[in-house]
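Secondary and tertiary structure notes
So you can see what is in the structure, the chains are spelled out below.
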Amino acid sequence: MRIDVVSIFPQMFDAVRGSGMTRIALERKKLQLELWDPRNFCEDRYRRVDERPYGGGPGMVMQAPPLAAAIRAARSSGHGRVICLSPQGPRLTQERVRSLAGAPALVLLAGRYEGIDQRLLDKEVDEEVSIGDYVLAGGELPAMVLIEALVRYLPGVLGNAGSVEADSFSDDMLDWPHYTRPEDFEGARVPAPLLTGNHEEIRRWRLTQALGQTWLRRPDLLAQKQLNEEERQLLAAFRKQYEEQESSE
Ligand code: 9D3
């Protein structure tokens, strides 16, 4: 997959270049990441990319011409859809990540300041995406969030190929709790079913925990999920135990 990013802070992307799964993807040539700085596409000799808003008001607005030139340069290499990271976009979901991961190339536009000239968005941007309802200073970290989420879908990047599939199951359910050595950590023991070596018992314990934790912490997710007969029984057992424990405390 090829990802071209348009940003006035290209150095921020050293973070994804230099570490973790994204670095592996780059090394294995599963991912090609190119940065395009709109300041290099300015006519202006001071390299400015922002101006005061028409109509007045606080803050600055990113100007259309340098952004358009940078996006067009970025697109000429790939032929990707242009996605603007924007607080105005629909929220990024795993489903959207999955659908974008199928694209051979994407252009990501990360804005700064109060916003981007609307005409640039109208002419050059195919879709907008937000990563959540909180205020950041720009689209760079959201772009990196999207890149990391996408890279997990590239074949030959994830060590454990099962993880992406496991997520398609678990994106509507929380994870079960995980344990590793030592068996006893300051008096806290690993739950007994995990030590039995009985795969069926372990599977049932994990499914029960996933259902139970989702019920406790994210009832909104559970409400959307169609439970099968086994899941209904396991969740009922979890709730019964939880409620007994509640009333005894
Ligand atoms: C407080 C400023 N807001 C005016 C009412 C608008 C605003 C402009 C620019 C808010 C944030 C930003 C910069 N943010 C992004 O570019 C951004 C973002 C975010 O802030 N939160 C979640 N997802 C994203 S994607 C891009």
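Residues numbered from 1 in each chain as written. Predicted model: local features only at pLDDT ≥ 70, side-chain atom pairs only at ≥ 80, totals over all residues. Heavy atoms only, no water.

**Digging into the site of the ligand**
Residues in contact with the ligand amount to 16 residues; listed here are only the nearest, Glu114, Ile131, Gly132, Tyr134 and Leu136. Here Ile131 contributes a backbone N or O atom positioned 3.1 Å from a nitrogen atom of the ligand. Here Leu136 contributes a backbone N or O atom positioned 2.8 Å from an oxygen atom of the ligand. When its residues are assigned to classes, the shell around the ligand shows 10 nonpolar, five polar and one charged. (Near = heavy atom within 4 Å. Polar contact = N/O pair within 3.5 Å; in protein donor to acceptor, adjacent residues only side chain to side chain. Nonpolar A, V, L, I, M, F, W, Y, C, P; charged D, E, K, R; others polar.)

**Quick word on the domain arrangement of the protein chain**
One can read the domain layout of the protein chain as domain 1 (2-151) and domain 2 (168-248). Put simply, the middle of domain 1 and the middle of domain 2, counted by C-alpha atoms, are 39 Å apart. (Domains from an automatic or database assignment.)

**What about the sheet that holds strand S4 (residues 61-62)?**
With respect to topology, three strands assemble into an open sheet ordered S3-S4-S7, the strand pairing being mixed. With partners counted over all chains shown, the strands left at the sheet margins are strand S3 (50-51) and strand S7 (115-116), one partner each. For S3 and S4, the ladder comprises two bridges, and the chain directions are antiparallel. Looking across to S4, one finds that Asp50 is bridged to Met62. (Pairing = 2+ DSSP bridges. Helix = DSSP H or I, 4+ residues; strand = E, 2+ residues; numbered from the N terminus.)

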